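Here is what each chain is made of, one letter per residue.
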Amino acid sequence: MPLSTPVPAVVRSRLRVERLPRNATLWLDGVIAVAVFVGTALPVTFSQDGKFWHILVAAGASLPLFWRRRAPLLTTVTVGLAISILGLSHQLPPLPFGPLVATYTFASLSPSPWRQIAIGVQAVGVVVSLVVPGEDPATFGYVGMAYVAAYSMGIASRGRGDRIAVLEERAARQEEERATAAARDRNRIAREVHDIVAHTVAIMVVQAEAGPVVARTDPARVEKTFEVIAESGRAAISQLRRSLAALRSAESDEPPSPAHGVGDVPQLLGEARWGGLEAALRWRGQQRPLPSDVDATVFRVVQEALTNTIRHARASMVDVLIEFTPHDILVTVTDDGVGAVDAGGGYGMMGMRERITACGGELNIGSGPDGRGFMVNAVLPTE
């Protein structure tokens, strides 16, 4: 098993000093290696027993620190062996600077099993370096405290890096959640605006197109036709204001305005009748209060189905059936028009399906019972 373990990229990036760029950390490690070399070689240079090869050993006890981040354990072994040779030659510096820096490094970068092995190897090296030359017992104390301090600082740096990584991961997760929530809100707003505008514009277009015909055949209905157009516009503005108020209330403590629900379905059919449709509304089962999201979804399903009938089906009749069962509410809208060219296409159908799926329901669309017209069937759970 090699004495040097490569530091994972995540750990390296996480524990770089103050998030410095790679070039900056290389320069920093180079400066540290040179400074340690000077501190280790100067005592040898001014020692009466110093030899040239002692300076080379001092270089071995310091310059490998340049690679301390890439191979922390191998660097520790190299500088530790060199400093032990200096100790056996009675050329120890005031403190083993190289091994101390290496101790800090492997404590902050290496995984737990390798740290334990490095501690054991270093302990043997320190004892040999001090006992064999016969160093003063007091030396054991301050050298030991120096190693403990270096190791503690490395562990503290590791813990700080771990906390930074946790905070960064949490921030990234929160950012993803915010992006997801923003996308969900955009889709919801798009559905609301589409449902409101498409339905209202369809009613207004039908009334406007029928206006000239009504003016020639039934002048008395002209005024009512314009009233329907104006009322449709006012209703659209009111619904848009309600939707915007709901968005604002999500950011404040104000209660949201009540949304349209099952009770407003007869109004939709009344608008469809003014558009020339023969609209029928049937109820089955025992009516009861519905959850707010289900209540609003029923209204939007009927609204979108009527909009499609008015705009595309060229139908003369539409039938709306709302059935309450013990656990569900069933909504079926059927017309006698030409059917749908693309039953799954369009933003309206997409929005309808998203609403129903969000409530845990099912949507079925296709031809009418006799293969004529178009049918929208939604099943929504009420519990």
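Note that the structure is predicted; figures quoted are calculated from it, not measured. (Residues numbered from 1 in each chain as written. Predicted model: local features only at pLDDT ≥ 70, side-chain atom pairs only at ≥ 80, totals over all residues. Heavy atoms only, no water.)

Participant: Let's hear about the nonpolar core: which residues, and what values?
Facilitator: Ranked by size, the top nonpolar core spans 34 residues in total, and within it Leu-269, Val-298, Val-302, Ile-322, Ile-329 and Val-376 carry the most contacts. Among the secondary structure elements, those contributing two or more residues to this core are helix H9 (265-274), helix H10 (292-313), strand E2 (317-324), strand E3 (328-335), helix H11 (347-358) and strand E5 (374-381). With nine residues, the single largest contributor to this core is H10. Setting aside residues no more than four positions away along its own chain, Ile-329 makes contact with Val-262, Leu-290, Val-294, Val-298, Ile-322, Glu-323, Phe-324, Ala-378, Val-379, Leu-380 and Thr-382. (Core = buried A, V, L, I, M, F, W, Y, C linked by side-chain atoms within 4.5 Å. Buried < 20%, exposed > 50% of the residue type's maximum accessible area, 1.4 Å probe, protein only. Helix = DSSP H or I, 4+ residues; strand = E, 2+ residues; numbered from the N terminus. Contact = heavy atoms within 4.5 Å.)

Participant: Provide a residue-level description of the packing of helix H3 (residues 52-60) against helix H4 (residues 72-88), including the pertinent values.
Facilitator: Where H3 meets H4, the closest approach of the two axes is 8 Å, and the angle between their N-to-C directions is 150 degrees. The angle between the axes of H3 and H4 places the two elements in the roughly antiparallel class. When the axes of H3 and H4 are compared, the crossing they make is left-handed. Where H3 approaches H4, its residues Trp-53, His-54, Val-57, Ala-58 and Gly-60 are matched on the opposing element by Thr-78, Val-79, Ala-82, Ile-85 and Leu-86. Across the contact of H3 with H4, the residue classes tally to seven nonpolar, three polar and no charged. (Axes fitted to C-alpha atoms, helices over the stretch in contact; angles between N-to-C directions. Parallel < 35°, antiparallel > 145°, perpendicular 65-115°, else oblique. Left-handed = near helix turned anticlockwise from the far one by under 90°. Nonpolar A, V, L, I, M, F, W, Y, C, P; charged D, E, K, R; others polar.)

Participant: Explain the pairing of strand E1 (residues 278-284) to me, and be specific about the residues and the numbers.
Facilitator: Summarising the sheet, E1 and E2 pair through seven bridges and their orientation is parallel. Looking at the pairing, Ala-279 lines up with Val-318 of E2. Between the parallel elements E1 and E2, the chain passes through H10 in a crossover that is left-handed. (Pairing = 2+ DSSP bridges. Right-handed = clockwise from strand over helix to strand, strands pointing away.)

Participant: I'd like a rundown of the packing of aromatic side chains, residues and numbers included.
Facilitator: Scanning the entire structure with this criterion turns up two aromatic pairs. Between Phe-66 and Trp-67, the ring centres sit 5.3 Å apart and the planes meet at 85 degrees, which makes this aromatic pair edge-to-face. Exposure remark for Phe-66: the relative accessible area of 27% places this residue in the partly exposed category. By relative accessible area, Trp-67 is classed as partly exposed at 45%. Ring centres 6.2 Å apart and planes at 55 degrees place the aromatic pair Phe-106 and Tyr-151 in the tilted group. Pair noted here: Phe-106 is in helix H5 (residues 97-109) and Tyr-151 is in helix H7 (residues 137-217), with a separation of 45 residues, a long-range link. Assessed through its relative accessible area of 0%, Phe-106 is described here as buried. (Phe/Tyr/Trp six-rings, centres within 6.5 Å; stacked < 30°, edge-to-face > 60°.)

Participant: Could you give an account of the pattern of salt bridges, with specific residues and numbers?
Facilitator: A full pass over the atoms with the stated rule returns five salt bridges. In this structure, the salt-bridge partner of Arg-173 is Glu-169, at a minimum N-O distance of 3.9 Å. One end of the pair, Arg-173, and the other, Glu-169, are both in helix H7, four residues apart, so they sit about a helical turn from each other. Where salt bridges share partners, they join Asp-29, Arg-68 and Arg-69 into one cluster. (Salt bridge = Lys/Arg side-chain N within 4 Å of Asp/Glu carboxyl O.)

Participant: Summarise the pairing of E2; cite the residues concerned and give the values.
Facilitator: In terms of burial, E2 is a largely internal element, six of the eight residues being buried. In this structure, E2 lies alongside E3, joined through seven bridges in antiparallel fashion. By the bridge assignment, Ile-322 is partnered in E3 with Val-331. Linking E2 back to E3 in an antiparallel pair, the connection comprises three residues.

Participant: Tell me about the packing of H4 against H5, and please be specific about residues and values.
Facilitator: For any two helices packed against each other, the geometry comes down to the angle between their axes and how far apart the axes lie. Put simply, H4 and H5 touch, their axes get as near as 9 Å, and they point 160 degrees apart. The angle between the axes of H4 and H5 places the two elements in the roughly antiparallel class. Classified by chirality, the crossing of H5 by H4 is left-handed. Counting all contacts with H4, which are made through Pro-72, Leu-73, Thr-76, Val-79, Gly-80 and Ile-83, the residues of H5 involved are Gly-98, Pro-99, Ala-102, Thr-105 and Phe-106. Each residue belonging to the contact of H4 with H5 can be placed in one class, and the counts come to seven nonpolar, four polar and no charged.

Participant: Quick rundown of a nonpolar patch on the surface? Include the residues and the values.
Facilitator: There is a patch of nonpolar side chains on the surface, built from Phe-52, Trp-53, Leu-56, Leu-81 and Ile-85 and spanning about 540 Å² of accessible area. Those elements that place two or more of their residues in the nonpolar patch are H3 and H4. Per element, the largest residue contribution to the nonpolar patch is three residues, and it comes from H3. Along the chain, the position of Leu-81 falls in helix H4. A residue is classified by how much of its surface remains accessible, and Leu-81, at 55% relative accessible area, is exposed. (Patch = residues over 30% accessible without salt bridge, like charges linked within 9 Å, V, L, I, M, F, W, Y side chains within 5 Å. Areas by Shrake-Rupley, 256 points an atom, 1.4 Å probe, with all protein chains shown as cover.)

Taken by themselves, the reported measurements are silent on function.
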